[in-house]
Amino acid sequence: MDISQHPYAELLRKEMMPNIWCSGCRIGRIKNAFIEAVQHQGYNPDKCAVVSGIGCSSRIAGYLNLDGIHSTHGRAIPTALGVKLADPELMVTVMGGDGDILGIGGNHFLALGRHGKDLNIICMNNYGYSMTGFQHGPTTPFGAKTVTTSGGNPYAPLNPIAVALAAGYTFVARSTSSHPYHLVDCLVSAMNNKGPSFIEVLVPCMLFERRNKIKSLDALFLEKATIKETLSQADIHQNAFSEEISLGVFRDSQIPDRPAPAFAKAVKKKAGKKPRVTFKSKDSGIDYMQIRMEGTGGQGIVQGGKTMINAAMNMDPKLNSTLIKRYGPEMKGGSCLTDIVLSSQPVDYPFVEIPDLLIMMSGLITKERGGKVIVNENGTVVIDESTVDLSLLDDLADTVKIFKVPATQIARENFRVVVANNVMMGFVCKTTSIIDKNCIKAAIVKSAPPGTEEMNLAAFEKGYEL
Ligand code: SF4
């Protein structure tokens with residue numbers, strides 16, 4: 001039959017057929033039930049979006065003629081949340097497997113219950129990661145054989161219904177791919193619920209059946225499952241196909257009213273009048289120069305680098321200048337550096353290899369690289385002696401100029417520790433004369449947080465006087 005004659009044709013992508021599912025896989029039935037529910041609701045396809053992660057069941061998004069995103073493994077829920085926030089009018093459904101939604105994306109699954117956004121999560125539980133040859137997953141039954149538990153799964157399976165109820169989903173139901181009419185009913189109810197909805201759909205996987213010598217899970221679902229109008233606490237746990245399975249709606253409620261959060265009112269800092277610093281630009285005469293400022297997160301290393309590059313541009317607008325900042329994921333307290341290259345020619349490589357000027361506010365980077373301070377042998381090191389172990393300089397060539405500045409101590413005693421970078425900047429300005437004083441002061445005014453300009457300038461002057 002030509003697919004265009006199929007009753008679901010409107011919502012299928014013809015060009016994607018045939019699908020990739022194994023012969024005998026029932027995921028297609030769930031796709032069909034979803035189409036039927038969408039049609040039943042009379043939804044305009046332009047108002048429905050489907051988001052999926054990775055896995056056999058996540059392929060559904062690609063076969064549906066709806067806008068959708070086939071996102072990364074486990075990230076379907078946050079992606080769908082983004083879609084919903086961008087267009088709250090859309091009906092957004094996440095389709096995926098137990099491994100994707102409950103395993104890799106488990107934390108997102110929990111978080112959605114708290115967020116309370118109106119998304120439908122259809123979790124096709126086939127008891128493991130099937131696309132990779134059937135590895136065990138969060139719902140693999142105890143003792144079941146998989147690629148990764150060849151001697152039998154030693155772990156207790158997660159109960160998705162119990163978790164969804166505890167997480168705060170407003171609609172929670174269990175169905176199977178062997179009960180398509182029941183499944184359509186659940187899907188329609190989930191679509192009508194205005195909070196986060198979760199449906200666990202049990203579905204057979206041929207690989208799981210083969211490895212565990214199960215003749216037909218489809219037949220077992222039909223034999224063991226009972227659709228119930230009212231469900232008790234015990235029914236939550238009736239989910240083992242070897243015993244009994246309770247199908248039905250465990251919760252269909254409204255999003256509870258939440259009082260508006262009483263956040264502390266943000267105090268708007270009054271930005272004072274910015275001090276005015278005038279400067280004159282001139283030809284700097286710099287041919288090529290590499291500058292590195294290094295320290296730890298929180299010492300204003302990136303800010304210092306920005307001040308330096310803005311000052312260089314103030315001084316000589318024709319100068320080519322680049323800035324690279326590097327810091328680790330820990331940010332505060334972790335190693336941090338800023339590389340600046342000043343050149344009369346275009347800069348094709350912005351990383352500093354051997355700095356001509358090294359401003360050290362911490363010894364952490366040097367220690368990380370094995371204790372070697374890297375600087376041009378005719379270069380200059382300006383070191384914050386209140387924070388850096390001076391023995392790190394012991395192996396430097398005699399030709400290197402070394403200046404020791406108690407920058408952090410001065411900043412602590414006179415201002416605040418955070419302006420130690422500008423004490424260093426004042427000292428560097430006076431000692432090296434690379435960049436004109438007013439050009440740096442204007443750059444400090446530009447990059448200092450509003451209201452702190454005067455303090456940063458005063459710190460700069462302290463270093464300059466030193
Ligand atoms: S591996 Fe299992 S879940 Fe995947 S398509 Fe085949 S039968 Fe379906």
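Residues numbered from 1 in each chain as written. Predicted model: local features only at pLDDT ≥ 70, side-chain atom pairs only at ≥ 80, totals over all residues. Heavy atoms only, no water.

Enquirer: Requested: an account of helix H3 (residues 76-86), with residues and values cited.
Expert: Within H3, the full set of buried residues consists of Ala-76, Ile-77, Ala-80, Leu-81, Val-83 and Lys-84. Buried residues of H3 fall within an arc of 160° about the axis and therefore sit on the same side. Set apart from the buried face of H3 by more than 90 degrees, the exposed residues are Leu-85 and Ala-86. Next to the buried residues of H3 lie strand E1 (48-52), strand E2 (67-70), strand E3 (91-97), helix H4 (98-104), helix H5 (106-115) and strand E4 (119-125). (Buried < 20%, exposed > 50% of the residue type's maximum accessible area, 1.4 Å probe, protein only. Helix = DSSP H or I, 4+ residues; strand = E, 2+ residues; numbered from the N terminus. Arc of directions from axis to C-beta. Contact = heavy atoms within 4.5 Å.)

Enquirer: Residues and numbers for the site of the ligand, please.
Expert: In the vicinity of the ligand, the residues found are Trp-21, Cys-22, Cys-25, Ile-27, Cys-56, Asn-126, Ser-130, Cys-205, Met-206 and Leu-207. Grouping the constituent residues of the shell around the ligand by class yields eight nonpolar, two polar and no charged. (Near = heavy atom within 4 Å. Nonpolar A, V, L, I, M, F, W, Y, C, P; charged D, E, K, R; others polar.)

Enquirer: Can you break down the packing of aromatic side chains residue by residue, with the values?
Expert: Inspection of the entire model under this criterion finds eleven aromatic pairs. Look at Phe-109 and Phe-198: their rings are 5.0 Å apart centre to centre, the planes differ by 50°, and that puts the pair in the tilted class. Residue Phe-109 is located in helix H5, and its partner Phe-198 is located in strand E6 (residues 197-202); the two are separated by 89 residues in the primary sequence. Since its relative accessible area comes to 2%, Phe-109 is described here as buried. With centroids separated by 6.1 Å and ring planes inclined at 25°, the aromatic side chains of Phe-460 and Tyr-464 adopt a geometry described as stacked. A residue pair is termed a helical-turn pair when its members lie 3 or 4 positions apart in one helix, as Phe-460 and Tyr-464 do in helix H16 (residues 453-465) at four residues. Assessed through its relative accessible area of 0%, Phe-460 is described here as buried. Judged by its relative accessible area of 22%, Tyr-464 falls in the partly exposed class. (Phe/Tyr/Trp six-rings, centres within 6.5 Å; stacked < 30°, edge-to-face > 60°.)

Enquirer: Could you give me a rundown of the domain arrangement of the protein, with the residues and numbers involved?
Expert: One can read the domain layout of the protein as domain 1 (3-252) and domain 2 (288-465). With centres defined by C-alpha atoms, the gap from domain 1 to domain 2 works out at 55 Å. (Domains from an automatic or database assignment.)

Enquirer: Can you lay out the nonpolar core for me, pointing to particular residues and giving the numbers?
Expert: Counting residues in hydrophobic clusters, the biggest one holds 43 residues, and the most contacted among them are Leu-342, Ile-435 and Ile-440. Contributing elements (two or more residues each) for this core: strand E9 (288-296), helix H11 (301-315), strand E11 (335-343), strand E12 (357-360), helix H13 (407-414), helix H14 (420-432), helix H15 (437-447) and H16. Looking at this core, the element that brings in the most residues is H14, giving seven residues. Beyond its immediate chain neighbours, meaning those up to four positions away, Ile-440 contacts Thr-307, Ala-311, Met-425, Cys-429, Ile-435 and Phe-460. Ranked by size, the runner-up nonpolar core spans 35 residues in total, among them Trp-21, Phe-34, Cys-56 and Cys-186. (Core = buried A, V, L, I, M, F, W, Y, C linked by side-chain atoms within 4.5 Å.)

Enquirer: How would you sum up unusual backbone geometry? Please name residues and give values.
Expert: Here the bond from Met-17 into Pro-18 is cis, since omega is 0°, no more than 30 degrees from zero. Residue placement: Pro-18 occurs in the segment before helix H1 (27-41). Located in the positive-phi region is Ser-433, a residue other than glycine, with phi close to 55°. Looking at where Ser-433 falls in the secondary structure, it is placed in the loop between H14 and H15. By relative accessible area, Ser-433 is classed as exposed at 55%.

Enquirer: So, helix H7 (residues 180-192): which residues are in play, and what are the values?
Expert: Between its first and last C-alpha, H7 extends 18 Å over 13 residues, near the 18 Å set by a 1.5 Å rise per residue. Residues of H7 that are buried: His-182, Leu-183, Val-184, Cys-186, Leu-187, Val-188, Ala-190 and Met-191. (Expected span 1.5 Å × (residues − 1).)

Enquirer: Can you lay out the packing of H15 against H16 for me, pointing to particular residues and giving the numbers?
Expert: One way to put it is that H15 packs onto H16 with a least axis distance of 9 Å and a crossing angle of 150°. In terms of axis orientation, H15 runs roughly antiparallel to H16. Crossing of H15 over H16 shows right-handed handedness. Residues Lys-437, Ile-440, Lys-441, Ile-444 and Val-445 of H15 form the contact with H16, whose own contacting residues are Glu-453, Asn-456, Leu-457, Phe-460, Glu-461 and Tyr-464. (Axes fitted to C-alpha atoms, helices over the stretch in contact; angles between N-to-C directions. Parallel < 35°, antiparallel > 145°, perpendicular 65-115°, else oblique. Left-handed = near helix turned anticlockwise from the far one by under 90°.)

Enquirer: Summarise the environment of Thr-148; cite the residues concerned and give the values.
Expert: Secondary-structure assignment places Thr-148 in the loop between E4 and helix H6 (160-167). Taking the C-alpha atoms as reference, Thr-148 lies 6.0 Å from His-136; in sequence the two are twelve residues apart. Apart from residues no more than four positions distant in its own chain, Thr-148 is found in contact with Phe-134, Gln-135 and His-136.

Enquirer: Quick one: what's the story with the sheet that holds strand E8 (residues 245-252), residue by residue and with numbers?
Expert: Across the sheet, eight strands lie side by side as E2-E1-E3-E4-E6-E5-E8-E7; this open sheet has mixed pairing. Every other strand in the sheet has two partners, leaving E2 and strand E7 (225-227) as the edge strands with one partner each. With strand direction ignored, the average angle separating the axes of adjacent strands in the sheet is 20°. Pairing of E1 with E2, which is carried by four bridges, proceeds in the parallel orientation. Its bridge partner being in E2, Val-51 is matched across the sheet by Ile-69. (Pairing = 2+ DSSP bridges.)

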